[in-house]
Amino acid sequence: MRYAETGFNLEIDLTRGNIERVETDPRDTELYLGGLGTNAKILWDRVPPEVEPFSPENLLIFSAGLLCGTPATGCNRTIVSTISPQTELMAFSMMGGFWAPELKYAGYDKVILRGKSPDLVYLWINNDKVEIRDASHLHGKGATETAKLIRQELKEPKAQVAAIGLAGENRVYFASIEQGRSSASRQGIGAVMGDKGVKAVVVRGTRDINIARPAEFLGLCNEVLEYIKVRNQNPIPGVMTILQGLGSPQEMATHDEKWHTENFMWGNSRVRRRDFWTDEVKRAWTQAMESMRTRLISCYNCPMKCAATISPPGQPTYMMKCFSKLTYTMAAMSDLEFGLKIAQHATEYGVDGFSTPQVMAFALELYENGILTDKDFPEMPSDSEGRFYWLLDRIVRREGIGDVLANGTYWAAKEIGNGAEAYAHNNIKKHEQLPLKLSMLNPVYFLMYATGEKINITQIEGQFPQAPYPKREDREAFVKDWFQVPDEKFKQYFLDWEPRGENSNPYYPTVQMSCDIVDWQEKMHYIDDALGMCAGLSSFPLKPPYHIHNYPQFISSGAGIDMDEDKLSQAAKRYRTLVRAINIRRGMRRKDDKPPENHWKKRFPELEEALLDTYYKFKGWNSEGIPTKASLHDLDLDYVSEDFIQRGILTDGDDAPSQEISAEKVQK
Ligand code: SF4
């Protein structure tokens, strides 16, 4: 018997219209867990690096995490993986909501799409009944509207619908897949869905999931729920409001936006407005939020209520969570009311709320600087808000300059030329980032930004605080109940971290400490993404309910896999390395491991090199960031090194680990 997982994937060949229910190998679950882990294995095996993002041979995989559908609180993530048109690397974007548990209840762990449908279709998965249905009547419909129409058509109000809008149909590189109260937005996975001719994947399931040791598993779930209550009653002092609690940053509940508006950049990540947050602004923004926010809402089986329904006057209601509340507002130099209104259009069109405003601000910056001219913007309104609406419409329709911008700032700048590349300055691995700019380099975040392959703000945040506490007694209070640490040394790292002086950024945490911290933070993200756990209850906030000490018990009692901390860490390292291997095989190298160009005002090239060298060595990668033959062998990934050697990516000469550059070499 299979536990936690169903043991079956749905394989759908869109070119031929063929549907198969395929039993999976339980040994793969032991080695790669599920979700992101097994997605990576499938992409490695079946999508060679020659395959382009918009090739029929590219796969689009919708996966429920290993523990989705079990009673584990907050375990509801769908992990969507493919080759990204934006980065040309492996994309793995997550969505919360309700879709993944529903897929499990229908009897499947993954839906794997290959080929291309000649006509627009949607997939209807209802337990054993799986159909490819005509979607020609849904051409051009909004993502939320599509979900509503499909539910009516199927007479299934409880069906969960993952749909694309016009942006996905038109293969906009930052198109999202929207799903009720969540979305998988990063890396253009909606464009791949549109390219495959799939408007929506619709699921309804009514089956049960087996749990290996139900009483033990439920006991663990109750402990988590109890802990969430305690944490909610005890916000962490000394950090900004949205970091005090659990969940996805509580942007929908919070009105105080002083920190974001004064520390994040406005426009195309250029302008800092230090005194922006006045009483008047606070009143107006509170009023805008309270008049349009109709309800706080949660994902499946979670008490946290991170999202909200937003009803702008005269516009349909939509769902919003997290930081998209401010991205349009700040890119357009406008107010919150504008941000909440344009986000409704953007959600229906199905675009990434982080990239899209940056792309539009980039276009206007090129215009202001004469690189683009009036000819490129025929009949564009003169006010900033009107321009944003105008640009959004053209981008999702790929009309005129919108066709160029629809490929994101990196590719658009290349096509526009004439110096435009200098304005695409806020990318990691060709993908737009949130416009955060800081003064002093933080070595932990340097490594997380530079080497991360998730291309998401969450990849830089984790369970270690983002900044030191000024007073030692506050640090001592913080570490007292910090039982989530994988090792006691992390408490000392934090205790000795000072805002100023010898033990401050950029040389503290030291290079070695930074490697330890990044490895811990990254490991937790990768575990969440395999189990289907919301990062908001594990890898993202401080002192979360899920951590490296209780996860093995969840996996053992839930999935029936004998698990301990070492084995779990090894599994996470295995599929993390496999994600890197997929990207290395597609050409990624050390030159690509860098943060946005001017993310920090003060940079330290020698230290940054030392950080990369030492981290690569720590991970078992050579000086180019390529996993070595020996480290691949330790992870049961010999098939990867064989492929690398065959392709000339690794040779005996290249396989040596990177030269050690010790921390001392860069000490002041
Ligand atoms: S913590 Fe928030 S984002 Fe995460 S599952 Fe719960 S409601 Fe959803």
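This one's a predicted model, so the numbers in the text were calculated from it and none came from an experiment.

## Things to note about the site of the ligand
And step 1. Looking at the ligand, the residues that line it are Asn76, Arg77, Gly247, Ser248, Ser298, Cys299, Cys302, Met304, Lys305, Cys306, Cys534 and Leu537.
And step 2. Of the residues contributing to the shell around the ligand, the split by class is six nonpolar, four polar and two charged.

## Some remarks on the packing of aromatic side chains
How two aromatic rings sit relative to each other is given by the distance of their centres and the angle of their planes.
And step 1. Counted according to the given criterion, the structure contains 39 aromatic pairs.
And step 2. Between Tyr227 and Phe483, the ring centres sit 5.7 Å apart and the planes meet at 80 degrees, which makes this aromatic pair edge-to-face. Here Tyr227 is found in helix 7 (residues 214-233), whereas its partner Phe483 is found in the loop between helix 18 (472-480) and helix 19 (489-495), with 256 residues between them in sequence.
And step 3. On the numbers, 6.4 Å between centres and 10 degrees between planes, the contact of Tyr615 with Phe618 is stacked. Of this pair, Tyr615 and Phe618 both sit in helix 23 (residues 605-619), three residues apart, roughly one helical turn.
And step 4. Classification of Tyr615 by relative accessible area gives buried; the value is 0%.
And step 5. Given a relative accessible area of 31%, Phe618 falls into the partly exposed group.
And step 6. Cluster of aromatic residues (ring-pair linked, three or more members): Phe464, Tyr469, Phe478, Trp482, Phe490, Tyr493, Phe494, Trp497 and Trp520.
And step 7. The aromatic ring of Phe478 is capped on one face by Lys543, whose charged end is 4.0 Å from the ring centroid.

## Considerations on the pairing of strand 1 (residues 8-13)
And step 1. Within strand 1, six of the six residues are buried, which leaves the element mostly enclosed by the surrounding structure.
And step 2. Judged by which residues are buried, strand 1 turns out to be covered on both faces: Phe8, Leu10 and Ile12 on one side and Asn9, Glu11 and Asp13 on the other are all buried.
And step 3. Across six bridges, the pairing between strand 1 and strand 2 (residues 18-23) is antiparallel. Paired with Glu11 across the bridge in strand 2 is Glu20.
And step 4. Connecting strand 1 to the antiparallel partner strand 2 that follows it, the hairpin turn spans four residues, and Gly17 within it adopts a positive phi of roughly 75 degrees.
And step 5. Sheet topology places strand 1 next to strand 6 (residues 110-114); five bridges connect them, and they run parallel. What sits directly across from Asn9, in strand 6, is Lys110.

## Observations concerning the layout of surface pockets
And step 1. By volume, the second largest pocket is sized at about 550 Å³.
And step 2. If you go around the second largest pocket, you meet 27 residues; those closest to its centre are Thr144, Ala147, Arg151, Gly180 and Arg181.
And step 3. Elements supplying a minimum of two residues to the lining of the second largest pocket: helix 4 (143-154), strand 9 (160-163), strand 10 (177-179), strand 13 (293-297), strand 15 (318-321) and helix 12 (336-349).
And step 4. Looking at side-chain class alone, the lining of the second largest pocket contains 11 nonpolar, eight polar and eight charged residues.
And step 5. Residues lining the lining of the second largest pocket come from more than one domain, with at least three contributed by each of domain 1 (8-204) and domain 2 (235-430).

## Quick notes on the domain arrangement of the protein chain
And step 1. In terms of domains, the protein chain is made up of domain 1 (8-204), domain 2 (235-430) and domain 3 (438-657).
And step 2. Taking only C-alpha atoms into account, the centre of domain 2 sits 29 Å from that of domain 3.
And step 3. Of the roughly 1,700 Å² buried at the junction of domain 2 and domain 3 (both faces included), carbon and sulfur atoms supply 66%.
And step 4. Summed over the shared surface of domain 2 and domain 3, the result is one salt bridge.
And step 5. Residue Asp593 is joined to Lys429 by a salt bridge in which the shortest nitrogen-to-oxygen separation is 3.0 Å.
And step 6. On inspection of domain 2 and its partner domain 3, the count reaches six residue pairs in polar contact (both at pLDDT 80 or more).
And step 7. Partitioned by chemical class, the residues of the side of domain 2 that touches domain 3 number 10 nonpolar, seven polar and two charged.

Rules and cut-offs
- Residues numbered from 1 in each chain as written.
- Predicted model: local features only at pLDDT ≥ 70, side-chain atom pairs only at ≥ 80, totals over all residues.
- Heavy atoms only, no water.
- Near = heavy atom within 4 Å.
- Nonpolar A, V, L, I, M, F, W, Y, C, P; charged D, E, K, R; others polar.
- Phe/Tyr/Trp six-rings, centres within 6.5 Å; stacked < 30°, edge-to-face > 60°.
- Helix = DSSP H or I, 4+ residues; strand = E, 2+ residues; numbered from the N terminus.
- Buried < 20%, exposed > 50% of the residue type's maximum accessible area, 1.4 Å probe, protein only.
- Lys NZ or Arg CZ within 6 Å of the ring centre and 35° of its normal.
- Pairing = 2+ DSSP bridges.
- 1 Å grid on protein atoms, 1.4 Å probe; cavity = no way out; pocket = protein on both sides within 12 Å on 5 of 7 lines; lining within 4 Å.
- Points joined across faces, edges and corners; volume = space filled by probe spheres on them.
- Domains from an automatic or database assignment.
- Buried area = accessible area lost by both parts, 1.4 Å probe.
- Salt bridge = Lys/Arg side-chain N within 4 Å of Asp/Glu carboxyl O.
- Polar contact = N/O pair within 3.5 Å; in protein donor to acceptor, adjacent residues only side chain to side chain.

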